[in-house]
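Now for the letters of each chain:
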Amino acid sequence: MSSTSTTSGTATTGGAQRLTALRDAGLVVHAPGSDAYDALVSGFNLDNAVSPAAVVEPADAHDVATVVRLGNELGFGVGVRLTGHGLSPALDDQVMVHTGTLSELHVDPDARRARVGAGVVWQQVLDAAAPYGLGAVAGSAPAVGVVGYTTGGGVSPVGRTYGLGIDRVRSFEVVTGDGSLREASAEEDPDLYWALRGGRGTAGIVTAVEIELVEQAELYAGSMFFDGADAPAVLRAWASWSAALPEAATTSLAFMRLPPLPTLPPPLAGRFTVGVRFAWTGSAQEGAEALAPLRAAATPVLDGIGPIPFAAFGAIHMDPVDPMPVVEDHTLLAELPDGAVDALLALAGPEAECPQIMVEVRQLGGAMRHGTDAAFAHRAAGFSVHSVGLAVPPVRDAALGHGAALVEAVRPWSTGGRLPNFATRGDADWYRAAYGETGVARLREVALAHDPRGVLAGTRALRAATD
Ligand SMILES: Cc1cc2nc3c(=O)[nH]c(=O)nc-3n(C[C@H](O)[C@H](O)[C@H](O)COP(=O)(O)OP(=O)(O)OC[C@H]3O[C@@H](n4cnc5c(N)ncnc54)[C@H](O)[C@@H]3O)c2cc1C
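Structure report, in brief. (Residues numbered from 1 in each chain as written. Predicted model: local features only at pLDDT ≥ 70, side-chain atom pairs only at ≥ 80, totals over all residues. Heavy atoms only, no water.)

1. Describing the overall build of the protein
Each helix and strand in the protein was counted, giving 13 helices and 19 strands. In terms of overall dimensions, the protein is globule-like: its C-alpha atoms have a radius of gyration of 22 Å, near the 23 Å expected for 467 residues. With the C-alpha coordinates of the protein rotated into their principal frame, the extents come out at 65 × 55 × 45 Å. Looking at the 467 residues of the protein, the share that counts as buried comes to 57%. Relative to all contacts within the protein whose residues are 6 or more apart in sequence, the contacts with residues 24 or more apart total 75%. Total accessible area computed for the protein in this model is approximately 17,200 Å², and 54% of it derives from carbon and sulfur atoms. Once the 31 positive and 51 negative side-chain charges of the protein are each reduced to a mean point, those two points are 4 Å apart. (Helix = DSSP H or I, 4+ residues; strand = E, 2+ residues; numbered from the N terminus. Rg over C-alpha atoms; globule rule 2.2 N^0.38 Å. Buried < 20%, exposed > 50% of the residue type's maximum accessible area, 1.4 Å probe, protein only. Contact = heavy atoms within 4.5 Å. Areas by Shrake-Rupley, 256 points an atom, 1.4 Å probe, with all protein chains shown as cover. Lys, Arg positive; Asp, Glu negative; His and termini not counted. Charge placed at Lys NZ, Arg CZ, Asp CG, Glu CD.)

Below you can see the structure in the form of structure tokens.
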């Protein structure tokens, strides 16, 4: 992606002039070399370092609009980031808006809604909703940003009951690439609303969302683990058991090869195990009954599934919280027949030379199949396959090669699609896989209508891949 050539009509100004203009506008700006800059550019995935020309901490949505307007006037690009859980464009020579200061969070228990600033992460929403017996369609990692997750579609550990994250968005407050602060909802600017539900940062910098909460105080949920030697029996049992599950259940399975860290539970540290995640939105008794056949598939080495408060949502996947360098690959499957199970076992099972710390299969479907039209294009997919490897030499190359081989091995059952949130490269193939041909065309149209100069990093990345 070129950071200097895609803004038409204006030449990119020098870095000093840009910093002066941002500061003269009353913005809090951090330049490279300062501790604040270093802290704000570092994120969860240490393999996705960004080095923007400057970082702005906006006091409010109007500050975000000011940065984008200056980008239009002076010819610089503007990117956005919060936690660094997702891959973002490199942002070289651009200005990065760090949304951590947009920390507004208001729960309306009567309307069962929340207004959530772009600097808020899921655990904050879960904690704020819990006193009212409410939950949210959060992602597996409560430390992920609500807005980043939601604009990518939002595949939740309770998604088969409650749908995608985007299905719970009433409206977005957003700064588009022309520097305007707008509202986008089904009624107001429906094209922008369409693009923001799945299109990630392509069509605007979201400053706040209004989301629906769900009436659910507790879940029967958590993770249980089996010894890696039982992987074939557990995966085969999981594939047939999950096919018959009602929408009250959402489940995933992960082949885990975790390092021997003292912070991990001993049955998991330094061993190959198979984790089964399960979340049941009905009664605890029904949940235990639904899970019983899978519990009998082999002897668990650790069983952490039971009644939990909704706010303990992170216990379902037990995702890592500390920053780490990772590389990922991913594909979507229409179904998971025996051939796909065999392919997964061949590359990630007990006999495999598997360099990944995790190979995960999530069951999709259920309520995720329904919902209004959005840039998110994968409601019909049955399963997600996702590999995560440590990005440390020499494992990094092995993990990248293995991830690609895994995607290739399950290609006969693949829809050819990719979830926008499990982003890898942002090239033309990736955009096609994420949005389909017609989706890419519509996303381009919406993005360019609101960002004719190509100021936003998301618009630039899309144009660089598809011009
Ligand atoms: C451990 C882990 C678990 C995860 N679990 C799930 C899961 O269960 N389901 C799921 O769907 N995804 C999941 N993800 C993916 C995650 O939802 C995406 O990476 C998401 O983009 C992270 O958002 P963020 O704001 O926290 O991250 P950031 O890295 O700060 O942002 C990533 C991207 O999100 C977009 N973005 C961020 N803020 C804004 C904004 N204000 N306006 C517009 N665009 C913005 C931009 O494109 C940005 O480049 C997981 C990721 C990790 C690392």
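2. Looking at empty space enclosed by the protein
For the coordinates displayed, the defined rule picks out three cavities of 30 Å³ or more. Approximately 70 Å³ is the volume attributed to the largest cavity. Contributing to the lining of the largest cavity are Val155, Ser156, Pro157, Thr250, Thr251, Ser252, Arg277, Ile316, His317, Arg362 and Gln363. Within the residue set of the lining of the largest cavity, elements represented by two or more residues are strand E13 (249-257) and strand E18 (358-363). Tallied by class, residues from the lining of the largest cavity come to three nonpolar, six polar and two charged. Residues lining the lining of the largest cavity come from more than one domain, with at least three contributed by each of domain 2 (105-215) and domain 3 (218-413). (1 Å grid on protein atoms, 1.4 Å probe; cavity = no way out; pocket = protein on both sides within 12 Å on 5 of 7 lines; lining within 4 Å. Points joined across faces, edges and corners; volume = space filled by probe spheres on them. Nonpolar A, V, L, I, M, F, W, Y, C, P; charged D, E, K, R; others polar. Domains from an automatic or database assignment.)

3. Structural notes on the packing of helix H10 (residues 338-348) against helix H11 (residues 395-409)
One can describe the packing of H10 onto H11 by two numbers: an axis separation of 9 Å at closest approach and a directional angle of 160°. Compared by their axis directions, H10 and H11 come out roughly antiparallel. Taken as a pair, H10 and H11 cross one another with a handedness that is right-handed. For the pair formed by H10 and H11, the contact residues are Ala343, Leu344 and Leu347 on the first element and His402, Ala405, Leu406 and Ala409 on the second. Residue composition of the contact of H10 with H11, grouped by class: six nonpolar, one polar and no charged. (Axes fitted to C-alpha atoms, helices over the stretch in contact; angles between N-to-C directions. Parallel < 35°, antiparallel > 145°, perpendicular 65-115°, else oblique. Left-handed = near helix turned anticlockwise from the far one by under 90°.)

4. Some words on the pairing of strand E12 (residues 218-227)
Summarising burial for E12: eight of the ten residues are buried, a large majority. Pairing between E12 and strand E16 (residues 306-309): four bridges, direction antiparallel. Residue pairing across strands places glutamate 218 opposite proline 309, the latter belonging to E16. Both E12 and strand E14 (residues 272-280) contribute to a ladder of eight bridges, which runs antiparallel. Each residue of the ladder has a partner; that of tyrosine 220, found in E14, is tryptophan 280. (Pairing = 2+ DSSP bridges.)

5. Some words on the pattern of salt bridges
All told, the structure shown has 23 salt bridges when counted by the stated rule. The closest approach of N and O atoms between aspartate 178 and arginine 182, which form a salt bridge, is 2.7 Å. Given a relative accessible area of 25%, arginine 182 falls into the partly exposed group. One salt bridge connects arginine 271 with aspartate 227, and the closest N-O pair in it is separated by 2.5 Å. Placement of the pair is arginine 271 in the loop between E13 and E14 and aspartate 227 in strand E12, with a sequence separation of 44 residues. Judged by its relative accessible area of 24%, aspartate 227 falls in the partly exposed class. Taken together, the salt bridges that share partners define one network made up of Glu104, Arg115 and Glu173. (Salt bridge = Lys/Arg side-chain N within 4 Å of Asp/Glu carboxyl O.)

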